[in-house]
Structures are given as structure tokens and as C-alpha cells.
Amino acid sequence: MKKLVKNGIIVTAADTYEADILIEGEKIAEIGLNLPANGAEVIDAKGAYIFPGGVDPHTHLDMPFNNTVTDDDWETGTIAAAFGGTTTILDFCLTTGDRTLKEAVQRWHGKANGKAAIDYGFHLMLANMDDKVMAELPLVLEEEGITSLKVFMAYAKEFQADDRTLFRAFKAAKEAGALVMVHCENGSVIDELVTRALAGGHTEPIYHALTRPPEAEGEATHRAIELAHMADSQLYVVHVTCAEAVRQIAEARSKGYKVWGETCPQYLVLDQSYLEKPNFEGAKYVWSPPLREKANQKVLFNALKAGILQTLGSDQCSFNFNGKKQLGRNDFSKIPNGGPFIEDRFSILYSEGVQKGNLNLNQFVDIVSTQPAKLFGLFPQKGTIAVGADADLVIFDPEVKRVISAKTHHMNVDYSAFEGMEITGEPISVLCRGNFVIKEKQFAGKPGSGKYLKRKKFNDGSLQAQTTAAV
Ligand code: URP
Ligand code: ZN
Ligand code: ZN
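Residues numbered from 1 in each chain as written. Chains lettered and ligands numbered in written order. Predicted model: local features only at pLDDT ≥ 70, side-chain atom pairs only at ≥ 80, totals over all residues. Heavy atoms only, no water.

The name that an unreviewed UniProt entry assigns to the protein chain is Dihydropyrimidinase, with the source organism given as Heyndrickxia coagulans. Quoted verbatim from the Sequence similarities (unreviewed entry) field of UniProt, the annotation for the protein chain is "Belongs to the metallo-dependent hydrolases superfamily. Hydantoinase/dihydropyrimidinase family." You can read under Cofactor (unreviewed entry) in the UniProt record for the protein chain the words "Zn(2+)". (UniProt positions renumbered as here; feature names shortened; annotations may be inferred.)

What follows is the structure in C-alpha cells.
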């Protein structure tokens, strides 16, 4: 089973060059000029870029949340991801105090098994760090090849961890060789602001943003950074949205702290005014942290460009407008938090980043694929195009113009957060471990063909860019 990708331009985080790629089975066997077919299936990629498959480090598929459950499961979510150029996702496995960690991971395997159309791994979310969890944690991480934890500083009524829990997570991660991912917002202050807003009769979606100010993100980011540093551990700040948080990360990195950061496409192109759309349409844009004032978009792009933020996660967490978002019709705090982004992450970064001159091609690949693969223990199996790597490839038309719409997307949700947005560039064919998942814009994969990835331990070695330019 051989395939030969001919005539394309290979783009990695380091290089851009013309060459053919020979795939044997699941791996890249050879890269070179004018490689002979010798019976291989030839894929003509003339005029296309060949990117490594996208690695999305932040998804929530089939996840119970805010008294409901997300509308994309592991089948619809991973198929949509593949249409968008992503071949690996890392999803958050929720744990609860009343089950063992092992049971929680088994439950998450049950959601993905037989459904995932691309490769995947799990981050382990920690609800508490009591002695029972502390004892079980290293065993589960080792057995499952999980090398990242998740702690929430927000969601006072659901997930919020206190500082002791967070500190214990950092300590345990240091010992186990794991990276701690933290949702940085001050949940207690937000809870108080929400209570006050509702008491004042403010029930509209815009109050979701007004009760979660950027200072609440900046403060929590600072606290997480200092707790990680006190524990001599490592921190990955998820979904960074604003200058207040970027500033904290830039300062910590300039001091040599082991801190990395992620932003998401929605924060690069949408702003707080979307929550003011009439007829409750603002609810479509309710997620946390909330959309910010427009000026933050440039700050985030600059931070990506300077290496202060390293990755783009989708934070896919989709809820239909009809039936789900409507749960908060009379109370913004009951609107399920999250949106549909898994399919558009890759192309939005290409269009808004490369096409608009905010990023070069290699920076684009680094952010959308290579850096998440490195930080989460998957590189060089994932995240690059190299001999011996998995043949995860995106054959990408860099010139085509198109309009994003719920009418044409593949996510199982009745609206698009980017409805009507004109972008340039589209994945034409997508291969995961040498097999077409998307062929000529049609689904050609199989639910269940995605493989669970056991990952390498966290390594903060010289592979990570340490740029700390000021914003
Ligand atoms: O609103 C969001 N982001 N929903 C998903 C859960 C989280 O906080 O990442
Ligand atoms: Zn979050
Ligand atoms: Zn999330």
C-alpha cells in the first residue's frame, strides 16, 4: 500500500520546498525530487501546499457541561475536524469526585471507540486532588500514556479548583512528567458579579461578557503562573483572550518560567459586540473566557508571532442555538458555555494569519501543528513532515476563496460562529496515517479508524521557542 504525493510544496515549521512524498503503509518513507511511482497510487498536488496534519490541543466532544451535553460527539466532531485539516485532537477527559480516575478514562475511551475518524489522545481533568487522587494519578498517567492535566480556576458551581488543589496538581505533574493546563479566570469573583447582575435584572447574553472582565483572566493567569513557579512545575494557559493575560505570560517567560499559552480562532476574529446581537442571537457567542474588545485581536496575533503564545486550540464545545443555547433565554448564566470551532481552526489561521500578513507559512504550521505536537509529547510522530513520521498530510489549496456557513459545515450544530466570513484557502484532501480521511473534499474515512495515542512525558527542552518580545 504505497502512495506518492507529487508536485506539491511541502511546508513545515522550518522549511518550504518542492518535493514528492512517498508513503508506505502509515508512514512517510521518502521525501525527494522526482520520486518514481513504482506502482504507488499517485496523488497530484500541483499548485497545493502540503502541510502536516493539524494537531488541535483543545476539544470537548460528547461532554456533559452546564446541565446539558455538547452536540458534536466523537464521530461528527472528528469528521468535521478532518474536513478542516486536523488529523489529531486532544480532548479533555472529565473526572468527578465519586469515580476513580481509571473509571473516568475508561468512560472517555467508550465515547471515542468506534467513532473517532482521526487520531486522538486525552488530557485528564482533575476535579480535586485529595489523597486518593494523588495516589492513583501517577499510575493512570503511566498506564494510559497521558501527559497533560487540566484544572479549572473558573466555573464556581461546576469545576472550580482552589489554590491548594492547583498547587498539588502542579507538584504531581512535575513528578509525573506532565504539563498542567489551566483555565485562568477568577471563578469566585465572576460568580459574585453574575449574582449581582441577575439581582439587578440583567439577563441578556452581553452580561456574560460584562461579568467576566479581562482583569479576572489576568489575575488568575498571574496566580496560576506563580503557583506553577512555586511548585517548580510547568503551566500551559488555555484559551488566552486578552492583553491582561498575554502580559503575564510574556513577563513570566522573560523570567525563564516554564509557561506556555494557547489562543483560539474565535478570539482572533470575533469581538464582544457579537454578544449584543438582537433576538437572543448573542447567545451563540457565549463561551468562556468571553469575547473581548477588538483591540485584543492584534495583541493575540502579535503574541503568536513573537512566540509568547505557541498554539491555537479550537476549544470546540458545540451547543445548538435551538434547544441548547435557548436554556438561557431568561438568564444569561444558564446559556451553555461553548461554541463550534473544530472545523475552522486551521483555515482561519491560514487566512487571517498568512494571507493577511500576520504570520509566515512556517509560523502557521508551527502554531497549528508542530508546537502542540511538541508540547503534548507527540513530536515527531505528529506535527511535521519527515521520513519516519506518521503520514498525516493536508493537501491545501492556498488560493480558493470561500464563505464559512452552517449550511456547508460538517459540525452537528445549527449555526456557525463565523457565518458569512470570507476566507482564502481550503483543505482539498487529508490523510491520517497514510489513509484518506478527506479525498477531493469528500469524506473518505471511517468512523473508528482513529487511533488512541499514548504520549511521551513532558519535555521543556531546547525544542521550544523561548521568544519573549514585548507586546
Ligand atoms: O466556554 C467554553 N470554553 N467551554 C468549554 C469549557 C472550557 O472552559 O474550556
Ligand atoms: Zn476553559
Ligand atoms: Zn475548553
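Moving on, we come to the packing of aromatic side chains. If you walk through the whole model with that rule in mind, you get 27 aromatic pairs. Taking 5.7 Å as the distance between ring centres and 75 degrees as the angle between the ring planes, the aromatic pair formed by Tyr 350 and Phe 364 counts as edge-to-face. You can see Tyr 350 sitting in helix 11 (residues 345-355) and its partner Phe 364 sitting in helix 12 (residues 361-375), a full 14 residues away along the chain. Here the two residues Tyr 350 and Phe 364 agree in accessibility, since each one is buried. (Phe/Tyr/Trp six-rings, centres within 6.5 Å; stacked < 30°, edge-to-face > 60°. Helix = DSSP H or I, 4+ residues; strand = E, 2+ residues; numbered from the N terminus. Buried < 20%, exposed > 50% of the residue type's maximum accessible area, 1.4 Å probe, protein only.)

Turning our attention to the UniProt feature "modified residue: N6-carboxylysine" (unreviewed entry) in the protein chain. Summarizing the sequence annotation, UniProt attributes the feature "modified residue: N6-carboxylysine" (unreviewed entry) to Lys 150 in the numbering used throughout. Mapped onto the fold, Lys 150 is located in strand 13 (residues 148-152). The residues contacting Lys 150, other than those within four sequence positions of it, are His 58, His 60, Phe 92, Leu 124, Met 125, Leu 126, Met 181, His 183 and Val 238. (Contact = heavy atoms within 4.5 Å.)

Taken in spatial order, the 4 strands make up an open sheet running 5-4-1-6, and their pairing is mixed. The sheet terminates laterally at strand 5 (27-32) and strand 6 (41-44), the two strands that pair on one side only. Averaged over neighbouring strand pairs, the angle between their axes works out to 20 degrees when direction is ignored. Of the strand pairs in this sheet, strand 1 (residues 2-6) and strand 6 are connected by 4 bridges, and their pairing is parallel. In the strand pairing of strand 6, Val 5 is matched with Ile 43. (Pairing = 2+ DSSP bridges. Axes fitted to C-alpha atoms, helices over the stretch in contact; angles between N-to-C directions.)

Attention shifts here to the environment of Ile 9. Checked against the element boundaries, Ile 9 lands in strand 2 (residues 9-11). Distance from Ile 9 to Asp 20, taken between C-alpha atoms, is 8.5 Å for residues 11 residues apart in sequence.

For the rest of this paragraph, the subject is the sheet that holds strand 11 (residues 86-93). Taken in spatial order, the 8 strands line up as 8-11-12-13-14-15-16-17 in an open sheet, and their pairing is parallel. Two strands close off the open sheet at either side, each with one partner strand: strand 8 (54-59) and strand 17 (311-312). Two elements, strand 8 and strand 11, share 4 bridges in a ladder whose sense is parallel. By the bridge assignment, Gly 54 is partnered in strand 11 with Thr 86. Across the face of the sheet, helix 1 (residues 74-83) comes into contact with strand 11 and strand 12 (119-125) while running at roughly 140 degrees to strand 11. Packed on one face of the sheet, helix 4 (residues 163-176) meets strand 13, strand 14 (179-183) and strand 15 (235-237) and runs near 155 degrees to strand 14.

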